[in-house]
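Tertiary structure, described
Listed here are the chains, written in short residue letters.
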Amino acid sequence: GYGRRNPAPLGLLLFQFFWYYAKAFDFRKDVACIRLGKVLSKGEKGWTRRNNMDRHLVCIEDPFNTEHDLGRTASRDTALLLKNEFRRAHHMLQQGKSLHEILEPV
């Protein structure tokens, strides 16, 4: 069903997005592939080791240049911050907080 119109309410899609990246996505092994609408492995992309400044801690395949990792320059601190923000947003949505509250600076 990738690419088909999704009838789910926007709020549910947002909740599922934060749930997925907070709980299911394995940042140690996974690559987000927007082009195919699925997760690839770092192994199949060859993104398992640091290469110069490319760290591959948060891997997002560039849909226009599939050899390019959009998250390749994220530091350990940035990767941890991103993961914590996914967890925080998911937790807040579970508590019934509004999008406005979630987007407030911490």
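Heads up: these notes are all about the structure in this document. (Residues numbered from 1 in each chain as written. Predicted model: local features only at pLDDT ≥ 70, side-chain atom pairs only at ≥ 80, totals over all residues. Heavy atoms only, no water.)

1. Here we look at the overall build of the protein
Scanning the protein from terminus to terminus reveals four helices and three strands. The helix and strand sequence of the protein, counted from the amino end, reads α-β-β-α-β-α-α. Expressed as lengths along the three principal axes of its C-alpha atoms, the size of the protein is roughly 40 × 35 × 20 Å. The buried share among the 106 residues of the protein stands at 27%. (Helix = DSSP H or I, 4+ residues; strand = E, 2+ residues; numbered from the N terminus. Buried < 20%, exposed > 50% of the residue type's maximum accessible area, 1.4 Å probe, protein only.)

2. Thoughts on the pairing of strand 1 (residues 30-33)
On strand 1, burial covers both faces: Asp30 and Ala32 on one face and Val31 and Cys33 on the other are all buried. Here four bridges tie strand 1 to strand 2 (residues 38-41), and the two strands are oriented antiparallel to one another. Residue pairing across strands places Asp30 opposite Ser41, the latter belonging to strand 2. Counted along the chain from strand 1 to the antiparallel partner strand 2, the turn is four residues long, and its residue Gly37 has a positive phi close to 70 degrees. In this structure, strand 1 lies alongside strand 3 (residues 59-61), joined through three bridges in parallel fashion. (Pairing = 2+ DSSP bridges.)

3. Quick word on the layout of surface pockets
In this structure, the largest pocket occupies an estimated 630 Å³ of space. Around the largest pocket sit 20 residues that line it, and Phe17, Tyr20, Tyr21, Ala32 and Ile34 are the ones nearest its centre. If one sorts the elements of the lining of the largest pocket by residue count, helix 1 (residues 10-24) sits on top with five residues. Across the lining of the largest pocket, the residue classes break down as 16 nonpolar, three polar and one charged. (1 Å grid on protein atoms, 1.4 Å probe; cavity = no way out; pocket = protein on both sides within 12 Å on 5 of 7 lines; lining within 4 Å. Points joined across faces, edges and corners; volume = space filled by probe spheres on them. Nonpolar A, V, L, I, M, F, W, Y, C, P; charged D, E, K, R; others polar.)

4. Notes on the sheet that holds strand 1
The three strands are arranged 2-1-3 in an open sheet whose pairing can be described as mixed. If you trace the sheet from one side to the other, it starts and ends with strand 2 and strand 3, each paired once. For this sheet, the mean inter-axis angle between neighbouring strands, taken without regard to orientation, is 35 degrees. (Axes fitted to C-alpha atoms, helices over the stretch in contact; angles between N-to-C directions.)

5. Thoughts on the nonpolar core
Ranked by size, the top nonpolar core spans 14 residues in total, and within it Phe18, Phe27, Val58, Phe86 and Ile102 carry the most contacts. For this core, the secondary structure elements donating two or more residues are helix 1 and helix 3 (76-94). The leading source of residues in this core is helix 3, at five residues. Aside from chain neighbours lying at most four places away, what touches Ile102 is Arg88, Ala89, Met92, Leu93 and Lys97. (Core = buried A, V, L, I, M, F, W, Y, C linked by side-chain atoms within 4.5 Å. Contact = heavy atoms within 4.5 Å.)

These results come straight from atomic positions and should not be treated as a statement about function.
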